[in-house]
Amino acid sequence: MFINGLGTAVPPRSFSQRECWEALGRIEHPALTRRVRAVLEGILTHDNGIERRSLALDDIEESFELDPDTLYRRFSREAPALASRAAVRALEQAGLDAKAVDGVIVSTCTGYLCPGLTSYVAEALDLRPEAVALDLVGQGCGAALPNLRAGKALIDSGCENVLCICVEVCSAAMYIDSDLGVLVSACLFGDGAAAALVSRSPIDATRRVEWKDGVSLTMPGKRDALRFEQRGGMLRNILTLPVPQLAGRYAREVFDRCASKNGLGAEDIGAWIMHAGGRKVLEELSATLALDDTDLQFSRAMLRDYGNLSSPFVLFVLDAALRAHAPGGSWWMSSFGAGFSCHGALLEVT
């Protein structure tokens, strides 16, 4: 399987962390107690690796609207549009017409539509009615690699070209609460979508990105460390302190399994395409995988400019590495999230 096109999309408004904190200072809300304000100030005004985030809001004050119907409308309006824009850009990069798409897979965890987002993407792109449509939910930040593996399964079953899309409207699950996990989430996550056009054969002879192998781990016993629950009609992010350590531990285990299977070591990896849950997560990845700042430069840059985008993030990192003409060879891509799950893929870039 070859990744022949990548496309990304974010909402038009981008807010600095300082702007977010200043907006909070203008708000009077019962949930904004002295303790809550202190926590938010600590996150938003100190170095956490994030400078800006793109959010589907006209102004920050909108993020304090706690009505479940408002949040649902935000997701149902923004998710199809972001997913479709990213998909169009992936097709344009591949130089492929939408009528050549045999399947579309969409992953999300920040909202629910029935029929799923594939229906809206198929309509926006005018895909053929017989194109296979799969909606994947419940995989959180790690969803991009399971999505690509599902794309590979469709390719292996006879499809020629498949759109693999991840889209998250994190601002549709963002509000002020006294819970630490909810507060941290409101300060770290951004909105966006990414799409990969995967095919049986390469299209561009000058730069080939081939999926060589993939490994996944799911640890249900760690499920409560990172997940969503629904309370009062709204999604509520459960984000606990052990998450960075879990990410580092399982990212190393996934890499070791795949590297050993393919006769590779860390020294053979030319580019590290890693999900970044936040600065502490990147520090754990750096420590457990023995990586330096250069190895994680693309992950750090995407975290700085967009925040944690959840499932699309690792595709943003891959796109950034390709645009920067990172040296070819064996590349390692890894994502992790709810479950607790961790995924890795070995790519060959020539």
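See the structure above.
Quick caveat: nothing in here was measured; it's all calculated off a predicted structure.

> So, the layout of surface pockets: which residues are in play, and what are the values?
In this structure, the largest pocket occupies an estimated 680 Å³ of space. Taken together, 27 residues form the lining of the largest pocket, with Val184, Leu188, Leu239, Pro244 and Lys280 sitting closest to its centre. Of all elements in the fold, only α2 (34-44), α6 (180-188), α7 (243-261), α8 (279-289) and β12 (329-337) reach the threshold of two or more residues within the lining of the largest pocket. In terms of residue count, the dominant contributor to the lining of the largest pocket is α6 (4 residues).

> Could you give me a rundown of the environment of Ser178, with the residues and numbers involved?
Assignment of secondary structure puts Ser178 in the loop between β6 (161-168) and α6. Spatially, the C-alpha atom of Ser178 lies 11 Å from that of Ala38, the residues being 140 residues apart in sequence. Ignoring sequence-local partners within four residues, the contact set of Ser178 consists of Arg35, Val36 and Leu183.

> How would you sum up the packing of aromatic side chains? Please name residues and give values.
In total, this model carries 4 aromatic pairs according to the counting rule given. Ring centres of Tyr250 and Phe340 lie 6.0 Å apart, and the angle between their planes is 35°; this geometry places the pair in the tilted category. Pair noted here: Tyr250 is in helix α7 and Phe340 is in the loop between β12 and β13 (341-349), with a separation of 90 residues, a long-range link. The buried category is assigned to Tyr250, whose relative accessible area is 2%. Aromatic rings pair up to connect Phe255, Trp272 and Trp332 into one cluster.

> Explain the pairing of strand β5 (residues 132-137) to me, and be specific about the residues and the numbers.
Pairing between strand β4 (residues 103-108) and β5: 6 bridges, direction parallel. By the bridge assignment for β5, Gly103 is matched with Val132. For the crossover that starts at β4, traverses helix α4 (residues 117-125) and ends in the parallel β5, the hand is right-handed.

> Would you mind going over helix α1 (residues 17-25) in detail, with residue names and values included?
Residues of α1 that are buried include every one of Gln17, Cys20, Trp21, Ala23 and Leu24, and no others. The buried residues of α1 all sit within an arc of 160° when viewed along its axis, so they share a single face. Summarising the contacts, the buried residues of α1 are in contact with β2 (14-16), α2, β3 (52-54) and α6.

> I'd love a proper account of the nonpolar core, names of residues and values included.
If you look at the biggest cluster of nonpolar residues, it comprises 96 residues, and the most contacted ones within it are Leu40, Leu148, Val198, Ile273, Leu318, Trp331 and Trp332. Grouped together as the second largest cluster of nonpolar side chains are 28 residues, Ala87, Leu91, Leu125 and Val167 included.

> Explain the side chain of Glu168 residue by residue, including any values.
Residue placement: Glu168 occurs in strand β6. No salt bridge forms around the buried Glu168; measuring N to O, its nearest opposite-charge neighbour Arg74 is 13 Å away. In this structure the side chain of Glu168 is engaged in a polar contact, spanning 2.9 Å, whose partner is the backbone nitrogen of Cys109. One polar contact links Glu168 to Ser311, side chain to side chain, over a distance of 2.8 Å.

> Outline the pattern of salt bridges, supporting the account with residue identities and numerical values.
Tallied over the entire structure, the rule returns 18 salt bridges. A salt bridge links Arg227 to Glu229, with the nearest nitrogen and oxygen atoms 4.0 Å apart. Residue classification places Arg227 among the partly exposed positions, given a relative accessible area of 28%. Each of the salt bridges in this network shares a partner with another, and the network as a whole consists of Asp224, Arg227, Glu229 and Arg231.

> Could you give an account of unusual backbone geometry, with specific residues and numbers?
Here the bond from Cys114 into Pro115 is cis, since omega is 5°, no more than 30 degrees from zero. The peptide bond linking Gly339 to Phe340 adopts the cis configuration, its omega dihedral lying at -15°. A positive phi angle, close to 65°, is found at Ser310, a residue other than glycine. Looking at the secondary structure, you find Ser310 in the loop between α9 (297-306) and α10 (313-323). Backbone geometry at His325 places phi at a positive 55°, although glycine is not the residue there. With respect to the helices, strands and loops of the structure, His325 is situated in the loop between α10 and β12.

> Explain the packing of α7 against α8 to me, and be specific about the residues and the numbers.
Interaxial distance between α7 and α8 falls to 8 Å at its minimum, and their mutual angle equals 40°. Every pair of crossing elements has a handedness; the one defined by α7 and α8 is right-handed. Contact residues: Pro244, Gln245, Ala247, Gly248, Arg249, Ala251, Arg252 and Phe255 in α7; Lys280, Val281, Glu284, Leu285, Thr288 and Leu289 in α8. Tallied by class, the residues present in the contact of α7 with α8 amount to 7 nonpolar, 3 polar and 4 charged.

Cut-off values and rules
Residues numbered from 1 in each chain as written. Predicted model: local features only at pLDDT ≥ 70, side-chain atom pairs only at ≥ 80, totals over all residues. Heavy atoms only, no water. 1 Å grid on protein atoms, 1.4 Å probe; cavity = no way out; pocket = protein on both sides within 12 Å on 5 of 7 lines; lining within 4 Å. Points joined across faces, edges and corners; volume = space filled by probe spheres on them. Helix = DSSP H or I, 4+ residues; strand = E, 2+ residues; numbered from the N terminus. Contact = heavy atoms within 4.5 Å. Phe/Tyr/Trp six-rings, centres within 6.5 Å; stacked < 30°, edge-to-face > 60°. Buried < 20%, exposed > 50% of the residue type's maximum accessible area, 1.4 Å probe, protein only. Pairing = 2+ DSSP bridges. Right-handed = clockwise from strand over helix to strand, strands pointing away. Arc of directions from axis to C-beta. Core = buried A, V, L, I, M, F, W, Y, C linked by side-chain atoms within 4.5 Å. Lys, Arg positive; Asp, Glu negative; His and termini not counted. Salt bridge = Lys/Arg side-chain N within 4 Å of Asp/Glu carboxyl O. Polar contact = N/O pair within 3.5 Å; in protein donor to acceptor, adjacent residues only side chain to side chain. Axes fitted to C-alpha atoms, helices over the stretch in contact; angles between N-to-C directions. Left-handed = near helix turned anticlockwise from the far one by under 90°. Nonpolar A, V, L, I, M, F, W, Y, C, P; charged D, E, K, R; others polar.

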